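# Inside the fold
If you want the building blocks of each chain, they are given just below.
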Amino acid sequence: MLYLSRLRTTPGILSSKARLTVGRLRIWASRAPDVVRAGYAQGAGGLRAGLRETGQHLRLDRWIVPILLMATVMLAPLVPRSTESSLKLAAFINDEPALTMNLHAMTLTPIGDPYNLDGEKPRRKHVPGPEWNGISYAGFNYYGGFYLGTGFLAYMPLKLLGAPIFPTAPVILRIISFLAALGSLALIYHFGRKHVGMGAGAAAALLLLTDNQFLYYASIIHPDMLQLFVGLAALVIACLHVRDRTLATLVAIGIAMGVSQSTKVGAFWFIPTACLAVWWGLPETAIGWRRKTHDYIEHMFLLGMVAIAAWIITTPYIIFGDYIAMMTSTWTVVTTAHFGVGKLSDWLVSFQQQFGWPLTLLLTGGTFWAAAKAMMGRLSKPLVLALVLAISQMTWFSF
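Please read these numbers as outputs of a predicted model, since none were measured by experiment. (Residues numbered from 1 in each chain as written. Predicted model: local features only at pLDDT ≥ 70, side-chain atom pairs only at ≥ 80, totals over all residues. Heavy atoms only, no water.)

### Observations concerning the nonpolar core
- In terms of nonpolar packing, the biggest core is built from 64 residues, with Ile64, Leu103, Tyr147, Leu148, Leu173, Leu185 and Phe214 touching the most fellow members.
- Of all the elements, helix α7 (residues 165-195) adds the most residues to this core, at 14 residues.
- Other than its neighbours up to four places away in sequence, leucine 148 contacts Leu99, Asn102, Leu103, Met106, Pro114, Tyr142 and Leu173.
- The next biggest cluster of nonpolar side chains, apart from the first, holds 28 residues, and it includes Leu235, Leu250, Ala252 and Leu383. (Core = buried A, V, L, I, M, F, W, Y, C linked by side-chain atoms within 4.5 Å. Buried < 20%, exposed > 50% of the residue type's maximum accessible area, 1.4 Å probe, protein only. Helix = DSSP H or I, 4+ residues; strand = E, 2+ residues; numbered from the N terminus. Contact = heavy atoms within 4.5 Å.)

Okay, structure coming up:
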């Protein structure tokens, strides 16, 4: 700042055009603290709005409590199973010991890096200890930072107090999956209750609880259940933004999308829902197509910047390139290797086989019912957002 000031006030050093440029730089530099403070205020406001709305959808009542108790009875006893040693953990699901090793690696130097024990990492300074019984991984993709980062907050203090790796680390990661499952049940119940009715909310939660894939991912070490919770939270926040049309809730959507991406590449299939929510959430002062288009582009840009910032903040060591390299290699494998040749119609057939004809017909009827209401002018925007989210996710995975 002092240097710029001297350049601007010293005669003969700069041309008039250069002095004008330096003057503008000086003005921008003087405004930088205000921009930072404004950005922090918007981010904090968005975080508060998102947490408040999510909390409203997690409250207990006489309908959701029995469902959560049933889920606890079914899932809680499975949390400590086969966590006494690395060999027991590795006997059934390969992701469980790998993600546990990632969590343990975060407690080594440099702190927070899930790849500290990776066999292909050139700068690796550590090797798995005897408690791993010779288990090692090379190039394992740890999905994202939010799942392991959440586990790190609980595991690191316990490790400093002398807690062993087994069963401490795997139990912590299983507890996260279990709690995310309970939260997902509450979110989908309150969403249905608020926008359709009490019976619909309870039925949706019970349907989710009886799904075998839900029970599987709720009981293992894997980010998918936390991904479900974050995705549902993003949906309820998007519905809030459509109602109140504030920048705080717009920022909250961006934060949720960034966290979803950090959990397991979840921002991509939420983009269509976010685009629609931002359009419906434009301020009432946006009148006319020109003004609406201008505001929409600005809001989408802000949403994208917030999402990217939230993704970076919640994904440890992204700046070192290990995560990006692993995600790129995984994307290449998934899109080129023949895990199974499939298309959207195959996913729809699998959906029918998973849920059976009665539920599939109910889903199809509900979709046409929502479309008919929209055509008659009685549009339920939250239900449309949920439907767009379901369709975009199905389409995303079919590719």
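### Re the packing of α7 against helix α10 (residues 224-244)
- The contact between α7 and α10 brings their axes to 8 Å, and the two run at 30°. Classed by the angle they form, the pair α7 and α10 counts as roughly parallel. Both α7 and α10 take part in a crossing whose hand is left-handed. Every residue of α10 that contacts α7 at Ile176, Ser177, Ala180, Ala181, Gly183, Ser184, Leu187, Ile188, Phe191, Lys194 and His195 is listed here: Met225, Leu226, Leu228, Phe229, Leu232, Ala233, Leu235, Val236, Cys239 and Arg243.
- A breakdown of the residues in the contact of α7 with α10 according to their chemical character gives 15 nonpolar, 4 polar and 2 charged. (Axes fitted to C-alpha atoms, helices over the stretch in contact; angles between N-to-C directions. Parallel < 35°, antiparallel > 145°, perpendicular 65-115°, else oblique. Left-handed = near helix turned anticlockwise from the far one by under 90°. Nonpolar A, V, L, I, M, F, W, Y, C, P; charged D, E, K, R; others polar.)

### So, empty space enclosed by the protein
- Within the structure shown, the criterion is met by 2 cavities of 30 Å³ or more.
- What the largest cavity holds in volume is close to 50 Å³.
- In terms of lining, the largest cavity is formed by Ala98, Met101, Asn102, Pro114, Leu117, Asp118, Tyr137 and Phe140.
- Here the lining of the largest cavity is built from residues that sort into 6 nonpolar, 1 polar and 1 charged.
- Volume-wise, the second largest cavity comes out at about 30 Å³.
- For the second largest cavity, the full set of lining residues is Leu187, Ile188, Phe191, Leu232, Leu235 and Val236.
- Listed by contribution, the elements that provide at least two residues to the lining of the second largest cavity are α7 and α10.
- In terms of residue class, the lining of the second largest cavity is made up of 6 nonpolar, no polar and no charged. (1 Å grid on protein atoms, 1.4 Å probe; cavity = no way out; pocket = protein on both sides within 12 Å on 5 of 7 lines; lining within 4 Å. Points joined across faces, edges and corners; volume = space filled by probe spheres on them.)

### A word on the pattern of salt bridges
- Taken as a whole and assessed by the stated rule, the structure comprises 7 salt bridges.
- In this structure, glutamate 53 and lysine 194 form a salt bridge, with 3.7 Å as the shortest nitrogen-oxygen distance. Remark: lysine 194 occurs in helix α7 and glutamate 53 occurs in helix α2 (residues 16-56); sequence separation between them is 141 residues.
- Residue lysine 194 is classed as partly exposed on the basis of its relative accessible area, which comes to 43%.
- We note a salt bridge from lysine 88 to glutamate 84, for which the minimum N-O separation is 3.8 Å.
- A single salt-bridge network, built from bridges that share partners, covers Glu53, Lys194 and Arg243. (Salt bridge = Lys/Arg side-chain N within 4 Å of Asp/Glu carboxyl O.)

### A word on a nonpolar patch on the surface
- On the surface, Phe301, Met305, Ile308 and Ile312 cluster together to form a nonpolar patch covering roughly 390 Å² of accessible area.
- As for its position among the elements, methionine 305 is in helix α13 (residues 289-313).
- For methionine 305, a relative accessible area of 42% translates into the label partly exposed. (Patch = residues over 30% accessible without salt bridge, like charges linked within 9 Å, V, L, I, M, F, W, Y side chains within 5 Å. Areas by Shrake-Rupley, 256 points an atom, 1.4 Å probe, with all protein chains shown as cover.)

### Section: the packing of aromatic side chains
- Considering all chains together, one arrives at 6 aromatic pairs under this definition.
- Judged by centre distance (5.5 Å) and plane angle (80°), the ring pair of tryptophan 279 and tyrosine 296 falls under edge-to-face. Taken together, the residues tryptophan 279 in helix α12 (residues 271-280) and tyrosine 296 in helix α13 connect sequence positions 17 residues apart.
- On the basis of relative accessible area, tryptophan 279 is assigned to the partly exposed category, the value being 29%.
- Each member of the aromatic cluster is reached from another via a ring pair, and the members are Trp279, Trp289 and Tyr296. (Phe/Tyr/Trp six-rings, centres within 6.5 Å; stacked < 30°, edge-to-face > 60°.)

### Let's talk about the confidence of the model for the protein chain
- In the predicted model, the protein chain carries a mean pLDDT of 86, and the fraction of residues at 70 or more is 86%.
- Residue range residues 1-11 is modelled with pLDDT below 50. Its contacts to residues more than four positions away, or to other chains, number 14 contacts. (pLDDT = per-residue confidence, 0-100.)

### A few points about the environment of aspartate 113
- Looking at the element boundaries, aspartate 113 is found in the loop between α5 (95-105) and α6 (145-160).
- Sequence separation of aspartate 113 and asparagine 102 is 11 residues, and the distance between their C-alpha atoms is 8.1 Å.
- At 3.0 Å, the side chain of aspartate 113 forms a polar contact with the backbone nitrogen of tyrosine 115. (Polar contact = N/O pair within 3.5 Å; in protein donor to acceptor, adjacent residues only side chain to side chain.)

### Looking at unusual backbone geometry
- Between threonine 109 and proline 110 the backbone carries a cis peptide bond, its omega angle lying at -5°.
- Residues phenylalanine 166 and proline 167 are joined by a peptide bond in cis, for which omega reads 5°.
- Structurally, proline 167 can be placed in helix α7.
- Look at asparagine 133: it is not a glycine, yet its phi comes out positive at around 50°.
- Along the chain, asparagine 133 falls in the loop between α5 and α6.
- Assessed through its relative accessible area of 42%, asparagine 133 is described here as partly exposed.

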